[in-house]
Amino acid sequence: MAEAHVVQQGVTPAAVGWEPRIIAFLCYWCSYTGADAAGTARLKYPPNVDIIRVMCSGRIDPELITTAFAHGADGVMVCGCHIGDCHYISGNHKTMARMPLLKRTLVDLGIEPDRFVHEWVSAAEGEKFARLVREVTERVRRLGPLGWPQRMRERGVGCGMSLEPWGA
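These numbers come from a predicted model, not from an experiment. (Residues numbered from 1 in each chain as written. Predicted model: local features only at pLDDT ≥ 70, side-chain atom pairs only at ≥ 80, totals over all residues. Heavy atoms only, no water.)

(A) Seen up close, the packing of helix α1 (residues 31-40) against helix α4 (residues 126-143). For the pair α1 and α4, interaxial distance at closest approach is 7 Å and the crossing angle is 90°. Taken together, the axes of α1 and α4 are roughly perpendicular relative to one another. For the pair α1 and α4, contact is made by Gly-34, Ala-35, Ala-37 and Ala-38 and by Gly-126, Phe-129 and Ala-130, respectively. (Axes fitted to C-alpha atoms, helices over the stretch in contact; angles between N-to-C directions. Helix = DSSP H or I, 4+ residues; strand = E, 2+ residues; numbered from the N terminus. Parallel < 35°, antiparallel > 145°, perpendicular 65-115°, else oblique. Contact = heavy atoms within 4.5 Å.)

(B) Representation of the nonpolar core in the model. Judged by nonpolar contacts, the single largest core of 18 residues is most densely connected at Phe-25, Ile-65, Phe-69, Val-76 and Phe-116. Residue contacts for Phe-25: discarding those within four places in its chain leaves Ile-52, Val-54, Ile-60, Leu-64, Ile-65, Val-76, Met-77, Val-78 and Cys-79. Ala-24, Val-49, Val-121 and Val-133 belong to the second largest nonpolar core, which has 17 residues in total. (Core = buried A, V, L, I, M, F, W, Y, C linked by side-chain atoms within 4.5 Å. Buried < 20%, exposed > 50% of the residue type's maximum accessible area, 1.4 Å probe, protein only.)

(C) Region of interest: the pairing of strand β2 (residues 49-54). The pairing of strand β1 (residues 22-27) with β2 spans 6 bridges and is classified as parallel. Bridging across to β2, Ile-22 finds its partner in Val-49. Handedness of the β-α-β unit built from β1, α1 and β2 comes out right-handed. (Pairing = 2+ DSSP bridges. Right-handed = clockwise from strand over helix to strand, strands pointing away.)

(D) Representation of the confidence of the model for the chain in the model. Residues at a pLDDT of 70 or more form 83% of the chain, whose mean pLDDT is 87. Counting interchain partners and residues more than four positions distant, the pLDDT-below-50 stretch residues 1-11 has 3 contacts. (pLDDT = per-residue confidence, 0-100.)

(E) Representation of the environment of Cys-81. Residue position: Cys-81 is located in the loop between β3 (75-80) and α3 (91-108). Judged by its relative accessible area of 3%, Cys-81 falls in the buried class. With 40 residues separating them along the chain, Cys-81 and Val-121 place their C-alpha atoms 5.9 Å apart. Ignoring anything within four residues of it in the chain, the contact list for Cys-81 reads Cys-27, Cys-30, Ser-31, Cys-86, His-87, Asn-92 and Trp-120.

Spelled out as structure tokens, the structure:
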């Protein structure tokens, strides 16, 4: 007897039963406190996000984001204090300059723009944090698994001196 395969509309067969893994880098002073406020208020959001607390969003090196994707993250969020509210004066100005450049670089590396989100979330914005996690999770879920390590291997990254993956 032939097995019947049911494919949900808009969902790839590989994505059935799959849940996205999202890494969130949160500023300690504002965004992490906002996430804590969301939890304290018992606001509902998906458990797909793994939070990494950093002292300031300005300390987030773009390499941390690419490393998260390389180690299996399907989406990455970077949240910091609103402009003018940084406890380190200008840390979020660095973030404001770096993140749009990083987003363009990620696209060049084959990562869809909706997989990376940069947003300002204050300590009083627990509802905003919960909404952001819900939105990002849903967008990444629609995109399906990233599988970036496999994509890079297919392009020859990590293959040593072999040019075969590049068509040579």
